[in-house]
Each structure stands twice: as C-alpha cells, then as structure tokens.
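Residue-level listing of the chains:
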Amino acid sequence: MLEIHFPPLFDELPERALYFGVTREGRLFGITQEVGCMALDGIVLRALTHELQQKLVGGRVDKIYQPLSRDLLLLIRNQGQNYRLLISANPTYPRIYLTERYKGQNPAEPPMFCMLLRKHLEGGRITSLEQVGNERILHFSIENRDELGDLTDKLLIVEIMGRHSNIILIDPATRRILDGVVHVNFGTSRHREVLPGRTYVEPPEQGKLSPFEEGKFGYIDKRQNSDLPLDKFLVQTYSGISPLLGKELAHRRNWTAIGEGAFSAQTSGEERATSLQAPEEEWEHFAEFFEPLRRHQYRPTLVLEQDGKPTAFSAVPLTHVQGTVQQWDSMSACMETFYEEKSWRDTLRQKAGDIERILHSEVDKNRNKLVKFAEAIRDASNAETHRIWGELLTASLHQLQKGQTAARVINFYDEAMAEIEIPLDPQLSPQENAQAYFKKYNKVKKSVPILQEQIQQAKEQIDYLEGVLQLIRTANLSDLQEIREELEQEQILKPSGKSNPLRKKKQEVRPERYVSSDGIDIYVGKNNKQNDYLTMKLAHSADTWLHTKDIPGSHVIIRAKEVPDTTLREAAVLAATYSKAGESSQVPVDYTLVKHVWKPNGAKPGMVLYEGQKTLYVNPDPALAERLRAKP
C-alpha cells in the first residue's frame, strides 16, 4: 500500500471547498461540500465487478446470512478460497464488496428474506456477474437445483441507489419477483413495485450515455451545446460519473470551478467563449482518462483526513482532494476501510436511537415526579394548621351554627391569644367541619413517608436510566441486544415480539476482555447484564473491582490476587473511559476487593453496594483502551 501526501491546493480558501467563484463585488468564495458521499459511482462498481468476476464466478454459495435488516453476507468458495461478500441496501451507506472485518452478528432466527435466499441460492454456482451498463446495478446469475433436482437459474439483482437501494431475487425466465429486501409499492414509488409476484421493472432511465460508448464527434457536439462547467457537464451527460469523479477529471484538465465560476454577471458570452478551452482538447483528455478504465486498469485510492479518518475513495487516483492518499491493490479492501467505521457507527446509531429516546423520556418523567413530590411535601407543612383549626372548631362548637362560611375564634395556641378566622363549608355542621380538617391533617401526615419513599425510588430510577444511557454510548450490536432484553424485563420497553421466546437460544454473556501491560486479564462489563455476571459470578473474591465514584459506568474486574500499580492504573483508566465521565479529566475511580461488593435484594440490574474502597484519579484514554483490548 503506497501513501502519498497532497498539500492543500489553495491554502487561503475554506478547507475542503469544492466549488469556487467570484461575486459581483470581486470577492472569492467557496462552497464547502462533503466528498465521498457519492464515491460509489458506476466507475467504482465497474472496478469492483471486474474484481468479483475474477474471484467469484464459478464459485459456490456455501452460506447466506442476514445480520441486519438490509445487510446480506454470502460465504462463497471458489478455486480453493473462501470469500465473504457483503451486500448492503443500507439507505445511508449502500455498498457491496468482499469483506474480512464485517462486525454484524446473526440473529437467533433468520429473517424471511434470508430463508428464501437460502432455499434458492445455497449450494448454487455463480455462473455470471454483470454490471448493467455503467450504472450502479449488478446482476448475479446463480444456477442451482430445485426440489425435484432440476437445474434452475435465479437472478440476484443489487441496486446501489442511495435510499432507494434494494436487493431483489427474481426468476430470469419470467422476470417475476420472488422477494426483495425492501418492499416498495406505488404509494412509495410511482415507477414500479417491488413485491413478491410482481414483474421486475428496471429503475427509471436517466437518459445518460456510458463514457465507454462515447466517440470524439459525439463528445464535441454535446460539449459545444452545453454552457455547464466541465465537472457538471460530465455528471449530467455520462452515466457512472459522480461529482467526485467529475471534479477529478476537471481538476486534471485545469477546469476547476474557479476557471468556470470566475465570471461576474456582466461578463459577455463572447469573453466567456474565448476563455474556454477547445472541446477537441477536452476530448483528448477525456479519452486519455477513460482508456485505462476501458482496459480494466484501476488504481483504487483512499484519501484520509489529518486525524486518519477516510474522507473519499475512488477507482482512480484523486489529486484534487486534500489529505493523505493511500493506493490499494484491491477495490474491496479500499472500500471496506472507507465504510467499516462509518457504516458501523450509523448502524449503532439507528439501533440505539429508539432506545435512547424512550430512556430520555423516562428520565424526564421521573424528574417531573420529583418536582411534584417535593411540592406535595411542602404542602404537607400546612397539615399542622389543619389540626389546629380542627381543635379550635371543636372547642368552639357551642358558638357555631350550620350554614356559616367562616368562624372567628380565639387561637389559644397563640401566645397573644389573637382572634383568627377559619373557613367553613356551609353545607356541613360545625362538628363535620372540624372532622374534615382532622381528615386532611391525617391524610397529609400519612402521605409524607410515602412521598419520601417515592422520591427515593424516582432518584434510583433516574440513576439506573442514566447508567443505561451511558452503557449504550459504548455498546456494540450484541451489547445493545442485551440492553434491550434487560429493559424489556424491567418493563421500560415493550417486547419486540419478533421472535418466539420458546425457540430463543440462550446466549452466553461475554464481558469485554483486555490485557494490561503486565499481562494480566482485565474484564469490562458493557451493559448491566454483563456487569452483574462479571461482578456476581465470574469474579473471584480476591479479584479487584473498580467503578467510577458516584458516576454511571461499567464494572471492571482485575483477575489477579497481586495487582501491580501499572495494571491498577490501566484498569482505572478503562473504568473512566467507559463511564459517563468518559470525556472529562481527573475522574475518581473507586477500587476494592470483590468480597467487599454485594447486591442488595431487589436492586436494579447493575446496581451494587461496596465498602473498604480506595480512590484513584485518572484521565479517560480511548486509545489506551483500544491498545489493551484482547485480540479475538
């Protein structure tokens, strides 16, 4: 893998600005746009198709999995090699490539679409793999035997079209749809339906020509009839060219948006025409650019930002994008490096989003309860007044009559023996008014202990919910599933109802394992189920237990009787990193022996009490946590 660093093209302009121009006042401006979002264009798919044809055609489909609702993982064996093909119709990051590091985990029960694919495709042989034109559509032809043992053909269609992406299985003989990973009806699309039993209809034509089918005179004719900048002209005229690729070709031709946009509104068409380079010269650069691609000579390229995060990729070198450039031998490896973290964060964000919204709502409800309970206790301070009024009315019954709205009596509880006025209900007798005040007094008096208990319960619930919210922020997909199950058991979430509990396999609880610099195992719970298992079952009494002081976070266990200072501090850093204070500094972390930790009866999941603790102050360090993480 070759790394090249391109310096900024224009140091004085906004970083990563892709369009430039001049205002009427003569000021230079830039329009910033995220690059890489449309990087999976027809040219990238052409390069990927060529790679997959060499590796997969003739291979057999051994296994099919559907880890996520729109992700498929096909295990294919060909020429003595095993390949894992990821196909995703994710609306944010649709993609297809050979993967080595896919993180999705298979559900306990395969979805219906997965079972249908297994029925028709598992054991089948991939006879051909073709890209439709230069579009982002792939056709996998797979030959397999049906229930009667006869050879049949099926066509798996992969459409990479942003939020309209889909994976569709059809019968090529009748063009009948067997099923699609995303169902589409006419309420969603006016062009076509993607439903079982319907006839497959291709996505709507864009009216563009493949750049590999263009000739010199056709290009010149189209260009002479267009006033668009070169990059926009290429995108709107030819299929498979993304804005990223259009800008790359324009940049190589010195046709950046500065050259195209540096005209005021008063610039005459004559002046503009004389400044444009001849279409014949453009064609030469156009043909030179696409000739290696026509011969399937690709140079997969990935561009990284200063922090090492990928920002763009293509099947050709990107000279116009600022950053460190990596060149790869494999299009799949290049794409996986670009997508793996982005897509995974997006998946976790989607999975956690609904849970977080419900938990935040529950936290708000409990905080509102605290306010109401506090107001009720303040009102209870008036209870003594009701008792006194009842006593004074009882002592003055001989002076009162039914129908009075107020009673003026001497307050013998007051040293000044002043006269006070007590409101009365005219519908009640004096005796009944006195009893009414005594009832109010007794009711409020009894409610105070109940209110105090409810306040304590609400505070504990808030602590529990905030702890779960913190665990969600550092959870992976399996951790999120365990958190969902826990919240369903706590009746905070409604049961999903997607699986039969009688058929559900009991999954092993696996806290995250780390290895300290001294070679000692450290375990971290990533949810309350793991925390309880780690502290109450897995840990030995002589092990060391750590947790952030009065801050929601993970339980941490050091599996050793003798703990070196380096290991203790590293474990404390892990506890701080996987806590609500993960972005703070000098975080207090308590540590004690496991034998001094216990779980009270009826306590919430993950809640424990402990004694005999000492406290360390450390700074969270995600980089250290990643370095100590045990290799699988």
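All chains use their own residue numbering, which begins from 1 and follows the written sequence. Since the coordinates come from a predicted model, pLDDT governs what is reported: local features require at least 70, and pairs of side-chain atoms require 80 or more to be given and counted, while whole-chain, interface and lining totals use all residues. Each side-chain value is worked out from all heavy atoms of the structure, with water and hydrogens disregarded.

S.K.: So what's going on with a nonpolar patch on the surface? Residues and values would help.
M.R.: Together, Ile410, Phe412, Tyr413 and Met417 line one region of the surface with nonpolar side chains, adding up to about 390 Å² of accessible area. By definition, any uninterrupted DSSP run of H or I lasting at least four residues is a helix, any uninterrupted run of E lasting at least two residues is a strand, and each is numbered from the N terminus. Take phenylalanine 412: it is sitting in the loop between strand S16 (406–410) and strand S17 (419–423). Since its relative accessible area comes to 42%, phenylalanine 412 is described here as partly exposed. Think of a patch as exposed residues, more than 30% relative accessible area, with no salt bridge, where like charges cluster within 9 Å and nonpolar side chains (Val, Leu, Ile, Met, Phe, Trp, Tyr) cluster within 5 Å. To be clear on the numbers: accessible area is Shrake-Rupley with a 1.4 Å probe, and residue cover counts the displayed protein chains and nothing else. Salt bridge criterion: a side-chain nitrogen from Lys or Arg within 4 Å of a carboxyl oxygen from Asp or Glu. Each residue is assigned to one of three classes by its accessible area relative to the maximum for its type, calculated with a 1.4 Å probe on protein chains only: buried under 20%, partly exposed between the two thresholds, exposed over 50%.

S.K.: Describe in detail the packing of helix H10 (residues 383–395) against helix H11 (residues 430–473), supporting the description with residues and values.
M.R.: The description of two packed helices rests on the angle between their axes and on the distance between the axes. In this analysis, axes come from line fits to C-alpha atoms, helices being fitted only over the stretch in contact, and the angle between any two N-to-C directions falls in the range 0 to 180 degrees. The contact between H10 and H11 brings their axes to 8 Å, and the two run at 155°. As the angle between them shows, H10 and H11 are arranged roughly antiparallel. The two elements H10 and H11 meet at a crossing, and its hand is left-handed. Seen from H10, the contacting residues are Ala383, Glu384, His386, Arg387, Trp389, Gly390, Glu391, Leu393 and Thr394; seen from H11, they are Asn433, Ala434, Tyr437, Phe438, Lys440, Tyr441 and Val444. Ten residues, namely Ala, Val, Leu, Ile, Met, Phe, Trp, Tyr, Cys and Pro, are considered nonpolar, four, namely Asp, Glu, Lys and Arg, are considered charged, and the remaining ones, Gly among them, are considered polar. Across the contact of H10 with H11, the residue classes tally to eight nonpolar, four polar and four charged. Reported orientations rely on four angle classes, namely roughly parallel under 35 degrees, roughly antiparallel over 145, roughly perpendicular from 65 to 115, and oblique for the rest. Left-handed is the label given to a crossing in which the near helix is rotated counterclockwise from the far helix by less than a right angle, and right-handed is the label when the rotation is clockwise. It only takes one pair of heavy atoms within 4.5 Å for two residues to be counted as in contact.

S.K.: Can you break down the sheet that holds strand S21 (residues 556–558) residue by residue, with the values?
M.R.: Following DSSP output, two strands are said to pair if at least two bridges run between them. Strand order across the open sheet formed by six strands is S18-S19-S21-S20-S22-S25, with antiparallel pairing between neighbours. Edge strands, defined here as strands with exactly one partner in the open sheet, are strand S18 (512–515) and strand S25 (614–618). Direction aside, the axes of adjacent strands within the sheet are offset by 25° on average. Direction of pairing for strand S20 (residues 544–548) relative to strand S22 (residues 587–593): antiparallel, over a ladder of five bridges. Each residue of the ladder has a partner; that of threonine 544, found in S22, is leucine 593. The strands touched by helix H13 (residues 528–538) within the sheet are S18, strand S19 (521–524), S20 and S21, with S19 carrying the most contacts at an inclination of about 135°. Sheet strands in contact with helix H14 (residues 565–577) are S18, S19, S20, S21, S22 and S25, and its direction is about 75° off that of S25.

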